[in-house]
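# Report on the structure
The primary structure of each chain is shown beneath.
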Amino acid sequence: MPEPSQLRLIKRCLLFRKWDGAKLIPHITRGVYVLYKQKPAGSKQFSVVYIGVAGVGRNPKRGIHGRLKHHAERGSKKGKWGYYSAFEVHDNITRDEILELEGLLLHIFRHDPRIKLQNRQLGLRRLKKVSRVERWKQ
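Everything quoted here is computed from the prediction, not taken from an experiment. (Residues numbered from 1 in each chain as written. Predicted model: local features only at pLDDT ≥ 70, side-chain atom pairs only at ≥ 80, totals over all residues. Heavy atoms only, no water.)

### Let's talk about the sheet that holds strand E4 (residues 83–89)
Pairing is antiparallel in the open sheet, where four strands are placed in the order E1-E4-E2-E3. Among the strands making up the open sheet, the edge pair consists of strand E1 (10–18) and strand E3 (46–54). Strand-to-strand twist in this sheet, taken as the mean axis angle between neighbours without regard to direction, amounts to 15°. Summarising the sheet, E1 and E4 pair through six bridges and their orientation is antiparallel. Each residue of the ladder has a partner; that of Lys18, found in E4, is Tyr83. (Pairing = 2+ DSSP bridges. Helix = DSSP H or I, 4+ residues; strand = E, 2+ residues; numbered from the N terminus. Axes fitted to C-alpha atoms, helices over the stretch in contact; angles between N-to-C directions.)

### A short note on the environment of Lys61
Looking at the secondary structure, you find Lys61 in the loop between E3 and helix H1 (64–73). Each C-alpha atom, one on Lys61 and one on Ile28, is 6.8 Å from the other, the two residues being 33 residues apart in sequence.

### Looking at the packing of aromatic side chains
Under the counting rule described, the total for this entry stands at seven aromatic pairs. Judged by centre distance (5.8 Å) and plane angle (70°), the rings of Trp19 and Tyr84 are edge-to-face. Of this pair, Trp19 sits in the loop between E1 and strand E2 (31–38) while Tyr84 sits in strand E4, and the two are 65 residues apart along the sequence. When its relative accessible area of 30% is taken as the criterion, Trp19 is described as partly exposed. An aromatic cluster is built from Phe16, Tyr36, Phe46 and Tyr83, whose rings are joined through pairwise contacts. (Phe/Tyr/Trp six-rings, centres within 6.5 Å; stacked < 30°, edge-to-face > 60°. Buried < 20%, exposed > 50% of the residue type's maximum accessible area, 1.4 Å probe, protein only.)

### Quick word on the nonpolar core
Residues Val48, Ile51, Ile98 and Leu117 are the most contacted members of the largest nonpolar core, which totals 15 residues. Secondary-structure elements contributing two or more residues to this core are E2, E3, E4 and helix H2 (95–109). Tyr33, Val49, Tyr50 and Tyr84 belong to the second largest nonpolar core, which has 13 residues in total. (Core = buried A, V, L, I, M, F, W, Y, C linked by side-chain atoms within 4.5 Å.)

### Quick notes on the pattern of salt bridges
For the structure shown, the criterion picks out five salt bridges. The partner of Glu88 in a salt bridge is Arg12, and the shortest N-O contact between them spans 2.4 Å. Linking Glu88 in strand E4 with Arg12 in strand E1, this pair joins segments that are 76 residues apart in sequence. Look at Glu88 and you get buried, because its relative accessible area is 11%. (Salt bridge = Lys/Arg side-chain N within 4 Å of Asp/Glu carboxyl O.)

### With respect to the pairing of E2
Regular strands place side chains that alternate from one sheet face to the opposite one. Taking burial as the measure, the eight residues of E2 include seven buried ones, the bulk of the element. Looking at chain direction, E2 and E3 are connected through eight bridges and run antiparallel. Looking at the pairing, Gly31 lines up with Ala54 of E3. Relative to E4, E2 is paired through six bridges, and the arrangement is antiparallel. By the bridge assignment for E4, Val34 is matched with Ser85.

### Description of the confidence of the model for the protein
Of the residues in the protein, 88% have a pLDDT of 70 or more, and the chain-wide mean is 84. Least confident of the elements in the protein is helix H3 (residues 125–130), whose mean pLDDT is 72; most confident is E4, at 96. (pLDDT = per-residue confidence, 0-100.)

### A closer look at a positive patch on the surface
Together, Arg125, Arg126, Lys129 and Arg132 make up a region of like positive charge exposed at the surface. If you trace the backbone, Lys129 turns up in helix H3. (Patch = residues over 30% accessible without salt bridge, like charges linked within 9 Å, V, L, I, M, F, W, Y side chains within 5 Å. Areas by Shrake-Rupley, 256 points an atom, 1.4 Å probe, with all protein chains shown as cover. Lys, Arg positive; Asp, Glu negative; His and termini not counted. Charge placed at Lys NZ, Arg CZ, Asp CG, Glu CD.)

Structure representation (structure tokens):
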């Protein structure tokens, strides 16, 4: 019998891994990933550089593994990160839920001056709808 899940959304994760070619991650893995730069080198402090999702296309041809390799080989963030975290979602988590999770993370870090994200999001429509004050007065 498989071990019961510890988390509702996340199936498994790799945290603060030095770039290793994403060897442990299967090719089409759906979920969220984060790229970090170590500051200063050799310390245990990391700055978030990028938050992304993978495996959310209609017919995904690559997942977190492919996205990380793309960033490492020819992506615009080349040389600006050396560590990553990968969060695989459970199979029952929908494409929209993965995108919502990414949007929420981007929204949280949007105005943090310590974090220089290379990807920005203008807004999360659904989050704005549920953030209206009237919804709290029910």
